[in-house]
Amino acid sequence: MSITLEGLTEEQREVVSLVRQFTDEQIIPVASELERDDIFPDQIVAGLKELGLFGFTIPEEYGGLGLDLTTYALCVVELSRGWMSVSGIINTHFIVADMIMRDGTEEQKQRFLPRMATGEMRCAFSMTEPEAGSDVQAIRTRAVRDGDGYVVNGQKMWVTNGLRSGLVALLVKTDPEAKPAHRGMSCLLVEKQPGAAQDGGLTIPPQLGKLGYKGVETTELVFQDHRVPVANLLGEGEGHGFQQMMSGIEVGRVNVAARGVGVAQRAFELAIRYAQEREAFGKPIAKHQGIQFKLAEMATKIEASRLLMLSAARKKDAGERSDVEAGMAKLYASEICHEVVEDSFRIHGGYGYSKEYEIERLYRDAPLLLIGEGTSEIQKLIIARGLLARNPL
Ligand SMILES: Cc1cc2nc3c(=O)[nH]c(=O)nc-3n(C[C@H](O)[C@H](O)[C@H](O)COP(=O)(O)OP(=O)(O)OC[C@H]3O[C@@H](n4cnc5c(N)ncnc54)[C@H](O)[C@@H]3O)c2cc1C
């Protein structure tokens, strides 16, 4: 089974096929080795730049490809089929591009988007803190206006691309007394040097050790009287940061759903191949009904999550509200990804536990999708809140 491309335009088909080919030729053959040694995939990133993927949804007038979220999501499925960490390198970049395109001033668009479109400047997205993840409004990082700049103090946690990025969309409190708290939150576009050495009150501690999702770094960011120019406040005026980040994360959720589909798809490909090769009790295990039931359920779940993901992406592309749909797609695709990977692991028997087999990596990567861009519990709250708002008495 491979992701089918029916219902897409000629251009969408071509782009997705190109990324599929890139994944098969450039990512899958090297992913396991790079991941084992936690090596950043410079060569793959160079290829992504060449394909224009860093400017995927950025309008052509700013140097991007100007493509839609649906095509992007289908490309993320392909990249994640190869290695989930590769989609992690572009995910936060894509969210920040979306935020600048929607909420940035014209000056900010001109200043950042062209360099982002080529991948010369890559982006990170930072809300989470050591003591506040799901409860975003409980963050403590503070930005105080001082002349033509903000002075930032605080600590951020779990910043994917925190080391190599050149721009961080940073959620801060500009008015900690505001009630409700989200009205006192703003987003600063923090420019930094890619790499560990920073000037002026920004420290990047050594990257966090992780179960999976290796190759791409996840770091803390520590701000101590770090100055950010007022011109880098996203949009016009303070107090809009929470909404800006939430809108960014909404497209991010479609992206995580796409990752779920991609990782699950790969787990299925490995399982259906292995089930036909491995024999037990005198025949390939694929001939045992117990294994066939597993394969049937796996493929059905993947197809259902693919359709949910496409439905959310298409709604967003049509300019319709899609918070409920993006939440559903993220919730379902991440949960079934975890289940499908586990089933593939079981089909591999003892070999699934061996580092020699690709499923071992998928088994460690999949759980992140249950947590990143909002946990499953938080998705359910978002979905229920949206449903209640759409169905008042
Ligand atoms: C590898 C990795 C990369 C990440 N990258 C980024 C990044 O680039 N940028 C960024 O900002 N963040 C990032 N994160 C952070 C991630 O978004 C948070 O971990 C996530 O939102 C959960 O927050 P938390 O870890 O503080 O858990 P908590 O919020 O402490 O939640 C703990 C548990 O309580 C549950 N819970 C919390 N509140 C409720 C409630 N109201 N009802 C029911 N259950 C609840 C949660 O579902 C969870 O099961 C990353 C995390 C990881 C692991």
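What counts, and where the lines are drawn
- Residues numbered from 1 in each chain as written.
- Predicted model: local features only at pLDDT ≥ 70, side-chain atom pairs only at ≥ 80, totals over all residues.
- Heavy atoms only, no water.
- Near = heavy atom within 4 Å.
- Polar contact = N/O pair within 3.5 Å; in protein donor to acceptor, adjacent residues only side chain to side chain.
- Helix = DSSP H or I, 4+ residues; strand = E, 2+ residues; numbered from the N terminus.
- Nonpolar A, V, L, I, M, F, W, Y, C, P; charged D, E, K, R; others polar.
- Domains from an automatic or database assignment.
- Buried < 20%, exposed > 50% of the residue type's maximum accessible area, 1.4 Å probe, protein only.
- Pairing = 2+ DSSP bridges.
- Contact = heavy atoms within 4.5 Å.
- Buried area = accessible area lost by both parts, 1.4 Å probe.
- Salt bridge = Lys/Arg side-chain N within 4 Å of Asp/Glu carboxyl O.

Caption draft 1: View of the site of the ligand. Surveying the vicinity of the ligand reveals 18 residues, the closest of which are T128, S134, W158, T375 and E377. F125 is positioned such that a nitrogen or oxygen atom in its backbone is 2.8 Å from a nitrogen atom of the ligand. For the ligand, an oxygen atom lies 3.3 Å from a polar atom in the backbone of G133. Elements with a contribution of two residues or more to the shell around the ligand: β1 (123-126), β3 (149-160) and α10 (376-390). Its residues assigned to classes, the shell around the ligand comprises seven nonpolar, eight polar and three charged. Taken together, domain 2 (123-240) and domain 3 (243-390) each give at least three residues to the shell around the ligand, which thus spans both.

Caption draft 2: Seen up close, unusual backbone geometry. Along the chain, K179 connects to P180 via a cis peptide bond; the corresponding omega equals -5°. One can find P180 in the loop between β4 (167-173) and β5 (185-191). The backbone of D38 sits at a positive phi, close to 55°, despite the residue not being glycine. Its place among the elements puts D38 in the loop between α1 (10-36) and α2 (42-51). A positive phi angle, close to 70°, is found at N161, a residue other than glycine. On the secondary structure map, N161 appears in the loop between β3 and β4. In this structure N161 comes out as buried when scored by relative accessible area, which is 4%.

Caption draft 3: Up close: the pairing of strand β7 (residues 218-229). Judged from the nine bridges that link them, β3 and β7 form a sheet pairing that is antiparallel. Counted as the bridge partner of V159 is T219 from β7. Two strands pair when backbone bridges link them, and strand β6 (residues 202-203) and β7 are joined in this way by two bridges, in the antiparallel orientation. Along β7, the bridge assignment pairs T203 with V222.

Caption draft 4: Representation of the domain arrangement of the protein within the structure. Each domain of the protein was delimited in the assignment, giving domain 1 (10-118), domain 2 (123-240) and domain 3 (243-390). The partner domain 3 presents 12 residues to the 18 residues of domain 2 that form the contact. Together domain 2 and domain 3 conceal approximately 1200 Å² of surface at their shared face, both sides included; 64% is due to carbon and sulfur atoms. Ranking the residues of domain 2 by area buried against domain 3 places L211, Y213 and H240 at the top, with a combined share of 41%. In this assembly, domain 2 and domain 3 are joined by zero salt bridges. If you tally residues by element for the side of domain 2 that touches domain 3, the top one is β4, at three residues.

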